[in-house]
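Spelled out from the first residue to the last, the chains are:
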Amino acid sequence: MAREIVLDTETTGFDPKTGDRLIEIGCVEIDDLLPTGRTFHRLVNPERSIPAGAIAVHGITDDKVRSAPRFREIVADLMEFVGDAPVIAHNAAFDRAFVDWECGLCGQPPIATDRWIDTLALAQTRFPGMANSLDALCRRFKISLTERSLHGALIDARLLADVYLELKGGKARRLDLTTGPQPAPGMEAARPAHGTRPRPLSPRLTEAEAAAHRTFLETTLRSTALWDAV
C-alpha cells in the first residue's frame, strides 16, 4: 500500500457556489492504512460571517477565525502535505467541491478528481441500505466517539482513518501470513525431498515397559485386536 491522506473540512454551509466558504481543514497521513502521526490542521478565515446553524454543528464562531489565515495563505502548505497521494474523504464530493472552489479563487490547480476516494461509496457498497454516516460507521466498527462532542476537521479525519482501515479489511488484514517474501520468477525454492531414513532409529521403549503395557492391555481391555493390528 502507498501513502494516502485522509481529509475532512468544516464550512459555513453546503454549497460554495452560493457563497459558502471553507473554515477548517484537517488531514491525517496514513501509510499501509495506518496513521503515521503526521497531520495538517488549519482554521481558515472565510471572509464572511458564519451562520448560527453551522456553528451549532462544529462550534467554530466568527471570533475563532477572525485572525486565522485566508485559504490562499495556507494552500501551499496544504498541497505540500498532500503531495501526490490519494485523498480519502467521507462524502468526498462535498469536501472536493469546497477545496476545488477555494483553489480556484486563489489560482491553485485543484487536486485531480481521480485521486479522491469516497469512503461513503465504499460503505454503501459494503452495507447497502444501512446508515453509513461517519458516526454510524464508528458505532458499527466500535470506534470510540468519546473525544468528539462537535464536528471538527482533524478529529473527524482521525476517526475516518480508523473507519477506512476497517472498510479495507480491518485489523485482521495485519494478520495475513500469506504475503511474505516471494521468490523471483524462475527462482522458486525446491521442495525438500524426503526418503527412507538410511538408519532406523532405535526404539526408546524398554522391554520392561513393553511388557507392562501388554499386561495393562490384557487386563484392562476386553480385546487387544486393535493394538495387535498396529
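Colleague: I'd like a description of the pairing of strand 3 (residues 34-43), backed by residues and values.
Modeller: Two elements, strand 2 (residues 22-31) and strand 3, share seven bridges in a ladder whose sense is antiparallel. Residue pairing across strands places Gly26 opposite His41, the latter belonging to strand 3. Following strand 2, the chain reverses through two residues before pairing antiparallel with strand 3; Asp32 in that reversal takes a positive phi of roughly 55°.

Colleague: Give me the sheet that holds strand 2: which residues, what numbers.
Modeller: Strand order in this open sheet of five strands is 3-2-1-4-5, and the pairing throughout is mixed. The sheet is open, and its two borders are formed by strand 3 and strand 5 (116-118), each paired with just one other strand. For this sheet, the mean inter-axis angle between neighbouring strands, taken without regard to orientation, is 25°. Against the sheet, helix 3 (residues 71-82) touches strand 1 (3-11), strand 2, strand 3 and strand 4 (87-89), its axis set at about 170° to strand 3. Along the sheet face, helix 7 (residues 153-167) touches strand 1, strand 2, strand 3, strand 4 and strand 5 and points at about 35° away from the line of strand 2.

Colleague: For the packing of aromatic side chains, give the residues involved together with the corresponding values.
Modeller: Enumeration over the complete set of coordinates arrives at three aromatic pairs. Judged by centre distance (5.9 Å) and plane angle (35°), the ring pair of Phe40 and Phe81 falls under tilted. In this pair, Phe40 sits in strand 3 while Phe81 sits in helix 3, placing the two residues 41 residues apart along the sequence. A single burial state applies to Phe40 and to Phe81, both of which are buried. Residues Phe94 and Phe98 carry aromatic rings whose centres are separated by 5.1 Å and whose planes lie at 50° to one another, so their mutual orientation is tilted. In this pair, Phe94 and Phe98 both sit in helix 4 (residues 92-105), four residues apart, roughly one turn of the helix. Phe94 gets classed as partly exposed once you look at its relative accessible area, which sits at 25%. Residue classification places Phe98 among the buried residues on the basis of a relative accessible area of 1%.

Rules and cut-offs
Residues numbered from 1 in each chain as written. Predicted model: local features only at pLDDT ≥ 70, side-chain atom pairs only at ≥ 80, totals over all residues. Heavy atoms only, no water. Pairing = 2+ DSSP bridges. Helix = DSSP H or I, 4+ residues; strand = E, 2+ residues; numbered from the N terminus. Axes fitted to C-alpha atoms, helices over the stretch in contact; angles between N-to-C directions. Contact = heavy atoms within 4.5 Å. Phe/Tyr/Trp six-rings, centres within 6.5 Å; stacked < 30°, edge-to-face > 60°. Buried < 20%, exposed > 50% of the residue type's maximum accessible area, 1.4 Å probe, protein only.

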